[in-house]
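Descriptive structure summary
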Amino acid sequence: MTFRKILCSALLTLSTAVNAGVTPWLDFQLENGHIAFPVTIANQPTYAILDSGSQIHAINQAFVAKNELEFSRVGKVRIQGVFGEARRDKLSNVPVGIFGSTMELDGVIEMSLGHHSRGLLLGAPLFYGNIMQIDYPNNQLRLITRDSMDLADFKNIPMVDQRGTGMPLVEVALNGRKVWLVLDTGNSGGIIIERTLAESFDFVDAKNEVSGAAGATRESRIESLRIKEVVFGPYTLENVLVSFNAQGSGINLKNQFTVTGSRVKGKRVVGLIGYDVLKHFILTMDYGRGHMHVGLPEDKG
């Protein structure tokens, strides 16, 4: 995939905020496109996966069992994932060490998140009251307080907070046609959309690759192709991977992980945008106020 600039002034890097209102940069690892960074849970070291497309926080069942941890269980909830629905335990008073301090998280859902070394999934609510900056090229992230930066002065891409979920939605153009996608750091691929949209965009083709995809609750089959052009903020990217549910497979893209039964209103969400696009950029986001800046690292040459 290649990309070309369509607005030169977009090279602005928002790293000059007042230091008093900025956490130190926290290094992260990229694992198949997922952001993983060190945290502690009940003083046990582990890694957290950052998933901005998730409405919830989740703890790994394997991590809890490995460390023989006990938390308050406050009932069960139904969780809607991309590929289906499942019933899971809800935990409270989970002590998490992050950014040099400890906080207690409530409403944490116990789920299967793979290997026990990845103990936590942190969703959009963690960063809802601050500005979050993710520097993909340099593998680092940090939080900035709102009184240290007015992101409204720098925003360069349409963004809204999906009412009822707190998830960030961005306006993206696929081959010249605008759609609203969840900005999903938990999506290791490029762009995932609904099959009905793919059909209306003439993306369905017998030559497309079809493969299996594992979600949080079950598996589905997806169809993939590379499209000519994606406009993301002030940048145009070429040859971007787009996937959608194959014929006969269902997919839910209104949100990533959410508690079912709530009524969500707002922009119609037709897909997710993930790592294959985001990896080029520094993203600065104020979820709650709906402001976002997309930039490139400063030119060191």
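Numbering of residues starts from 1 in each chain and follows the order in which that chain's sequence is written. Local features in this predicted model are restricted to residues of pLDDT 70 or higher, and side-chain atom pairs are both shown and tallied only at a pLDDT of 80 or more, whereas totals for entire chains, interfaces and linings draw on every residue. Values shown for side chains rest on all heavy atoms present in the structure; no hydrogens or waters enter the calculation.

Thoughts on the overall build of the protein
The following threshold applies: A run of DSSP states H or I qualifies as a helix once it reaches four residues; a run of E qualifies as a strand once it reaches two. Both are numbered from the N-terminal end. For the exposure calls, accessible area comes from a 1.4 Å probe over protein chains only, and a residue counts as buried if that area is under 20% of its type's maximum, exposed if over 50%, partly exposed in between. Any two residues whose heavy atoms approach within 4.5 Å at even a single point are treated as in contact.
The helix and strand tally for the protein stands at 3 helices and 25 strands. The buried share of the protein, reckoned over its 301 residues, is 53%. Sequence separation of 24 or more characterises 67% of the internal contacts of the protein that already satisfy a separation of 6 or more.

Regarding the pairing of strand β24 (residues 282–286)
The cut-off we apply is this: Two strands are said to pair when DSSP picks up at least two bridges between them.
In terms of residue burial, β24 counts as a mostly covered element, since 5 of its 5 residues are buried. Neither face of β24 is open: one carries I282, T284 and D286, the other L283 and M285, and all of them are buried. In terms of strand pairing, strand β13 (residues 131–135) meets β24 through 5 bridges, oriented antiparallel. Within the sheet, the bridge partner assigned to D135 lies in β24 and is I282. Here 5 bridges tie β24 to strand β25 (residues 291–295), and the two strands are oriented antiparallel to one another. Counted as the bridge partner of I282 is G295 from β25. Taking the residues that link successive antiparallel strands as the turn, the β24-β25 hairpin has 4 residues, and the phi of G290 there is positive, at about 70°.

Digging into the confidence of the model for the protein
Low pLDDT means the predicted atomic positions in that stretch should not be read closely. Using the following cut-off: Residue-level confidence of the predictor is summarised by pLDDT, bounded by 0 at the bottom and 100 at the top.
In this model, the protein carries an average pLDDT of 81, and 80% of its residues clear a pLDDT of 70 or more. Predicted confidence is poor over residues 5–19, with pLDDT under 50, and the contacts of this stretch with residues over four places away or in other chains come to 40 contacts. Confidence over residues 254–265 falls short of pLDDT 50; this stretch has 44 contacts with residues more than four positions distant or in other chains.

Side note on the pairing of strand β5 (residues 44–50)
Bridge count between strand β4 (residues 34–41) and β5: 7 bridges; the pairing is antiparallel. Each bridged residue has a counterpart across the sheet, and for A36 the counterpart in β5 is I49. Taken together, the 4 bridges between β5 and strand β12 (residues 118–122) define a ladder with parallel strand orientation. Bridged to Y47 within β12 is R118.

Looking at the side chain of T185
Rules: Under this definition, polar contacts are N or O atom pairs within 3.5 Å; protein pairs additionally need one hydrogen-donor-capable and one acceptor-capable atom, and for neighbouring residues in sequence, both atoms have to be side-chain atoms.
You can see T185 is positioned in the loop between β17 (177–183) and β18 (191–193). Taking relative accessible area as the criterion, T185 reaches 1% and is therefore assigned buried. Here S52 takes part through its backbone nitrogen, which lies 2.9 Å from a polar atom of the side chain of T185. Once residues lying within four places of it in the same chain are set aside, the contact partners of T185 are G33, H34, I35, L50, D51, S52, G53, I134 and Y136.

Some thoughts on the nonpolar core
The cut-off we apply is this: Throughout this description, the term nonpolar core refers to a set of buried Ala, Val, Leu, Ile, Met, Phe, Trp, Tyr and Cys residues connected via side-chain atoms within 4.5 Å.
Membership of the largest hydrophobic core comes to 62 residues, with the highest contact counts inside it found for F37, I191, I193, F232, L283 and M292. Residues contacting M292, with those up to four places away along its chain left out, are L151, K155, N156, I157, M159, V170, L183, F232, L283, T284 and M285. Judged by nonpolar contacts, the second largest core, of 7 residues, contains A58, V77, I79 and M111.

Description of the pattern of salt bridges
Quick reminder of the rule: Salt bridges are defined as contacts in which a side-chain nitrogen from Lys or Arg sits within 4 Å of a carboxyl oxygen from Asp or Glu.
The tally for this structure, following the rule as stated, stands at 9 salt bridges. Between D276 and K279 there is a salt bridge whose closest N-O contact spans 3.2 Å. The class for D276 is buried, based on a relative accessible area of 12%. Owing to a relative accessible area of 30%, K279 belongs among the partly exposed residues under this scheme. One network of salt bridges, with partners in common, ties together R73, K76, D89 and E110.

A word on the environment of K66
Turning to its location among the elements, K66 is positioned in helix α1 (residues 61–66). By relative accessible area, K66 is classed as exposed at 55%. Separated by 50 residues in the primary sequence, K66 and H116 have C-alpha atoms spaced 6.9 Å apart.

Here's the deal with the environment of T196
By the secondary structure assignment, T196 is in helix α2 (residues 195–200). Sequence spacing of T196 and F244 is 48 residues, and the spatial spacing of their C-alpha atoms is 8.9 Å.

Focus: unusual backbone geometry
Across residues other than glycine, the phi torsion is negative in most instances, and most of the peptide bonds are trans. A positive phi angle is found at N32, which is not glycine, with a value near 50°. Summarising the element assignment, N32 is placed in the loop between β3 (29–31) and β4. Backbone geometry places N43, a non-glycine residue, at a positive phi of 70°. Tracing the chain through its elements places N43 in the loop between β4 and β5. Its relative accessible area of 71% is what places N43 among the exposed residues.

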